[in-house]
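# Coordinate analysis (summary)
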Amino acid sequence: MVRARPRHARTRSLSLAAIGLAPVLIAGGLLSVGGPSVSTQTVTLTAGSQLTLIGHGLGHGRGMGQWGAYGYAKRGWSATQILRHFYGGTTAGKVDRPEISVILSGKNSVNVHADAGMRVGGQTVAPGQAVSLSGTTATITNGCGGGVVRTVTATFVEPLNMGPSRPPGEFLKFCGSNQAYRGALGFDGGRVANRLHIDDYVKGVIPKESVPGWADSGGAEALKAQAVAARTYALSAIAGGKKIDDTQNSQVYGGVAGEDPRTNRAADATAGQILLNAGKPAFTEFSSSTGGYTAGGRFPAVRDDGDAASPNHDWTATVSAGSVGAAFGVGALRALEVIEANGLGPENGRAIKVRAVGSGGTREVSGEEARSLLQLKSSFFSVRGQTSKPKIVTPPTGPDGPGLGLDLGSLGLGSLMSLGGDLMPGMMQLLTIGQSALNGRYDELGGITGPLGQVIGVPSLTPDANGVMQLFEHGLMLFSTQTGAHALTGQGLADYLAEGGLGELGFPAADRIG
């Protein structure tokens, strides 16, 4: 495999979908347990036995498959054809907000210089001088660490020209490391940030999220498609209220040091180009390898014949019964089977629901959760030797993604509506506003490393269509226009349920984090 890329599973925002979940809420968290007895046709295990899983692809499989894009490019497809194939229902558009801000997670101070000089607080900084920021004070010095020339009020240091594709002499460089960045450097909400043109941002993203060497083997159009997808993804996230950083929580971004001439050409060739869905930047998720069929969700599931080029197109994994039992928390494992799949591709397609039976009970989880528990490359897998055919559940399609189908008992959401393409405009507007608020609050609470943990499913309207909810690994969030977005986890969630949940208490007016 060429390096470790493309590799990310895109567990980055509230919009990620884990298809067909059916968990049961319990105090202190979310756990799928119980269910009907396991079929006698499943693979029955004894102590010390092993299972072989037959798998395909790497990542969640939603949106564009990067190896598929490369495979199609080698067949002569243009970037436009690749994007049209993977992002069905979108239209071509142009950037309407060219400047974005990217949090630099590894930086905690700003002390910079530039060969051609800079600007700060409306004043020009001469070549050879440096600027350090502290709060709202910018101190201009003779070189890095030199004598003070003057101070001005500012929170950002800018290059001589904030336009895209400026010459290297205008790049701002951190004193000491000489790490260079296009655009401006300063503080955004107390964190070091890089404010720059979206086209310059994409130049620092594509080499980190894709493989520049594809340009040397007939894959230049795949890199152009990646540029459009990366540009659109960032703008969609920002429109949803998300702060962009330089990690895989958004998209990996390496500044000038992360750039490559081949991917810079792809960015320049597609400058300003994005994809639109209902007139707004589409949520253009992408993953490394689809295994031959995309997963559906926001975009129609499609065959991905280009994925034959992927080193992860087909794979197998051998796991011990003991490790599976421990991972699922069911004691000594007796049986494991895929009980629901999407029917798209070989071996019945992606696992939608997986059941493990052991001496300590039965547990059912989503295919994506099983993938995480077993540390598999994707949820596109089957259990070798299973003779019972899983129930086929066709993945929903649309900007709202799949419904969650949760059994939430006392929460008051006993039968969540299944969202389709015929939503009333007001309902779609509420879903959009709610998703934005949920995204913002999730990030404020620490994202995937915060108390909520990993996203499960996608935001969905409550049955009365008065609000929006989102399920997480360790709890959930509820939103209404009157109360805003608030999180419920642990004992806070248990208390909320015990007090009658949504039906009795209505939407929470504050977080309940236990």
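Just so it is clear, the model here is predicted, and its values are computed rather than measured. (Residues numbered from 1 in each chain as written. Predicted model: local features only at pLDDT ≥ 70, side-chain atom pairs only at ≥ 80, totals over all residues. Heavy atoms only, no water.)

### Focus: the nonpolar core
Here is the rule: In these notes, a set of buried Ala, Val, Leu, Ile, Met, Phe, Trp, Tyr and Cys residues joined through side-chain atoms within 4.5 Å is what counts as a nonpolar core. Only protein chains enter the calculation, and the probe is 1.4 Å; a residue is then buried if its accessible area is under 20% of its type maximum, exposed if over 50%, and partly exposed in between. Segments assigned H or I by DSSP are reported as helices when at least four residues long, segments assigned E as strands when at least two residues long, and all are numbered from the N terminus. Whether two residues are in contact is decided by their heavy atoms: any pair within 4.5 Å suffices.
Among the nonpolar cores identified, the biggest contains 64 residues, and M64, Y87, V120, V131 and Y201 are the most heavily contacted of them. The dominant element in this core, judged by the number of residues it contributes, is helix α4 (residues 220-239), at 11 residues. Apart from residues lying up to four places away in sequence, V131 is in contact with V110, N111, V112, M118, V120, V125, A138, T139, I140 and V157. Formed by 22 residues, the second largest nonpolar core is a distinct cluster that contains L51, A317, A321 and L336.

### Here's the deal with the pairing of strand β7 (residues 99-103)
Stated precisely, the cut-off is as follows: Two strands are counted as paired when DSSP detects at least two bridges linking them.
Pairing of β7 with strand β18 (residues 191-197), which is carried by 5 bridges, proceeds in the antiparallel orientation. Across the sheet, the residue bridging to V102 is N194, located in β18. Where β7 meets strand β19 (residues 244-245), 2 bridges bridge the pair, whose relative direction is parallel. Bridged to V102 within β19 is I244.

### Brief notes about the state of the cysteines
What counts is decided by this rule: Throughout, a disulfide means two cysteine sulfur atoms within 2.5 Å of one another.
Taken as a whole, this structure holds 1 disulfide when the rule is applied. Covalent S-S linkage joins C144 and C175, the inter-sulfur distance amounting to 2.0 Å. Where C144 bonds to C175 through sulfur, the torsion about that S-S bond is close to -70 degrees, and the disulfide is left-handed. Remark: C175 occurs in the loop between β15 (172-174) and β16 (180-181) and C144 occurs in the loop between β12 (137-141) and β13 (148-153); sequence separation between them is 31 residues. Taking the relative accessible area as the measure of exposure, C144 reaches 41% and is therefore partly exposed. Looking at C175, the relative accessible area reads 19%, which means it is buried.

### Some details on the environment of A193
Secondary-structure assignment places A193 in strand β18. Since its relative accessible area comes to 0%, A193 is described here as buried. Separated by 88 residues in sequence, A193 and S105 have C-alpha atoms that sit 8.5 Å apart. Setting aside chain neighbours within four positions, we find A193 in contact with S101, V102, I103, L104, F156, A184, L185, G186 and D188.

### Section: the sheet that holds strand β10 (residues 123-125)
Our working rule: Axis angles are defined between N-to-C directions and span 0 to 180 degrees, where every axis is a line fitted to C-alpha atoms and, for a helix, only to the segment in contact.
The 7 strands are arranged β10-β9-β14-β17-β18-β7-β19 in an open sheet whose pairing can be described as mixed. Looking at which strands have only one partner, the edges of the open sheet turn out to be β10 and β19. Contacting β7, β18 and β19, helix α3 (residues 198-209) runs over the sheet at an angle of about 115 degrees to β18.

### Comments concerning the pattern of salt bridges
Our working rule: Salt bridge, as used here, is a side-chain nitrogen of Lys or Arg placed within 4 Å of a carboxyl oxygen of Asp or Glu.
The final tally for this structure, using the stated rule, is 21 salt bridges. The partner of R355 in a salt bridge is E364, and the shortest N-O contact between them spans 2.9 Å. With respect to class, R355 is no different from E364; both count as buried.

### Quick notes on α3
Our working rule: Multiplying 1.5 Å by the residue count of a helix minus one yields the expected span of that helix.
If you check α3, its first and last C-alpha atoms are 16 Å apart, about what 12 residues at 1.5 Å a residue would give, namely 16 Å. For α3, the tally of buried residues reaches 11 of 12 residues, placing the bulk of the element in the interior. Those residues of α3 that fall on the buried side of the exposure criterion are I198, D199, D200, Y201, V202, K203, G204, V205, I206, P207 and E209.

### Here we look at the environment of V330
Here V330 lies in the loop between α6 (321-328) and β24 (333-341). Overall, the relative accessible area of 2% leaves V330 in the buried class. In the structure, V330 is positioned 28 residues away from G358 in sequence and 4.8 Å away in space, judged by C-alpha atoms. Residues contacting V330, with those up to four places away along its chain left out, are G325, A356, V357, G358, S359, G360, G361, T362 and R363.

### Observations regarding the packing of α6 against helix α7 (residues 367-374)
Packed helix pairs are specified by the crossing angle of their axes together with the interaxial distance, meaning the distance between the axes. Formally: In this scheme, roughly parallel covers angles under 35 degrees and roughly antiparallel covers those over 145, while 65 to 115 is roughly perpendicular and the rest are oblique. The hand of a helix crossing depends on one turn: near helix anticlockwise from the far one by less than a right angle means left-handed, and clockwise means right-handed.
Packing of α6 against α7 brings their axes to within 9 Å, and their N-to-C directions diverge by 120 degrees. Here α6 lies oblique to α7, going by the angle between them. Between α6 and α7 lies a crossing whose hand is right-handed. Contacts between α6 and α7 involve V324, A327 and F328 on the former and, on the latter, A370, L373 and L374.

### As for the packing of aromatic side chains
The condition is simple: Whether two aromatic rings pair depends on their centres lying within 6.5 Å, for rings of Phe, Tyr and Trp, where Trp uses its six-membered ring; planes under 30 degrees apart make the pair stacked, over 60 edge-to-face, and the rest tilted. Placement of a charge over a ring requires the Lys NZ or Arg CZ to be within 6 Å of the ring centre, with the centre-to-atom vector within 35 degrees of the ring normal.
Taken as a whole and assessed by the stated rule, the structure comprises 12 aromatic pairs. Aromatic side chains Y70 and W214 sit 4.7 Å apart centroid to centroid with 10 degrees between the ring planes, which places their arrangement in the stacked category. Within this pair, whereas Y70 is found in helix α1 (residues 66-74), its partner W214 is found in the loop between α3 and α4, the two being separated by 144 residues in sequence. In terms of burial, Y70 and W214 fall into one category: buried. Measuring from ring centre to ring centre gives 5.8 Å for F174 and Y181, while their planes differ by 85 degrees; the resulting arrangement is edge-to-face. Overall, F174 belongs to the buried group, its relative accessible area being 5%. Among the aromatic side chains, those forming a connected cluster through ring pairs are F174, Y181, Y201 and Y253. Sitting over the ring of F174, K107 keeps its end group 4.3 Å from the ring centre. The lysine or arginine in question, R195, covers the ring of F156, its NZ or CZ lying 4.5 Å from the ring centre.

### Some points on the confidence of the model for the chain
We count it as follows: How sure the predictor is of each residue is captured by pLDDT, a score from 0 to 100.
Residues with a pLDDT of 70 or more make up 83% of the chain, whose mean pLDDT is 83. In the predicted structure, residues 7-43 sits below a pLDDT of 50 and forms 138 contacts with residues beyond four places in sequence or in another chain.

### Notes on α6
An α-helical turn contains 3.6 residues, so a residue and the one three or four places further along point in the same direction. Selection criterion: Arc, as used here, means the arc of the directions from the helix axis to the C-beta atoms.
Residues of α6 that are buried: A321, V324, G325 and F328. The buried residues of α6 all sit within an arc of 100 degrees when viewed along its axis, so they share a single face. Of the exposed residues in α6, those oriented more than 90 degrees away from the buried face are G322 and A326. Structurally, α6 contributes buried residues whose contacts are with β4 (50-55), β23 (315-320), β24, β25 (351-358), β26 (361-366) and α7. Phi turns positive, to about 70 degrees, at G329, one or two residues after α6.

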